[in-house]
Amino acid sequence: MSINLKKRLSKSAKLWLMANKEPICEECRTPERLTIDHIIPIMILTAMGFTVEEMFEDMDNLRLLCRECNTKKNCQLDFKDPRTKPLLLKYLERV
Ligand SMILES: [Zn+2]
């Protein structure tokens, strides 16, 4: 996986989310230290065979979390988020 490509895609996805959704953490609502979170985590998408480009083209799977909330989530599937299950099903269909 190219780190530079991932960095570039991650940066443009973050800018898109900040412009098109609220520029705050979806969990704790802070506007500080925002990061891009994949609702279906990158580790799982990688294991399913998706490319870096594919992981960043679907804005439905991306959300803003602050660094603390993202660290807490720790690459897990978060089924408290109602989007998790339909997104997982959508990705399973594409494999
Ligand atoms: Zn947060």
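Keep in mind that this is a model prediction, so the values were computed, not measured. (Residues numbered from 1 in each chain as written. Predicted model: local features only at pLDDT ≥ 70, side-chain atom pairs only at ≥ 80, totals over all residues.)

Lay out the overall build of the protein chain with the relevant residues and their values.
Each helix and strand in the protein chain was counted, giving 5 helices and 2 strands. In the protein chain, the order of α-helices and β-strands from amino to carboxyl end is α-β-α-α-β-α-α. Oriented by its inertia axes, the alpha-carbon framework of the protein chain measures out at about 35 × 30 × 25 Å. Out of the 95 residues belonging to the protein chain, those deemed buried represent 18%. The contacts in the protein chain between residues at least 6 apart in sequence include a share of 75% that link residues at least 24 apart. (Helix = DSSP H or I, 4+ residues; strand = E, 2+ residues; numbered from the N terminus. Buried ≥ 20, exposed ≤ 12 C-beta atoms within 10 Å, placed from the backbone. Contact = placed C-beta atoms within 7 Å.)

Explain unusual backbone geometry to me, using residue names and the numbers behind them.
Its identity is not glycine, yet Arg33 carries a phi of approximately 45 degrees, on the positive side. Mapped onto the elements, Arg33 comes out in the loop between α1 (3-20) and β1 (34-38).

Describe the nonpolar core, naming the residues involved and giving the relevant values.
Membership of the largest hydrophobic core is limited to 6 residues, which are Cys25, Leu34, Leu64, Leu65, Cys66 and Cys69. For this core, the element with the highest residue contribution is strand β2 (residues 62-66), accounting for 3 residues. (Core = buried A, V, L, I, M, F, W, Y, C linked by C-beta atoms within 7 Å.)

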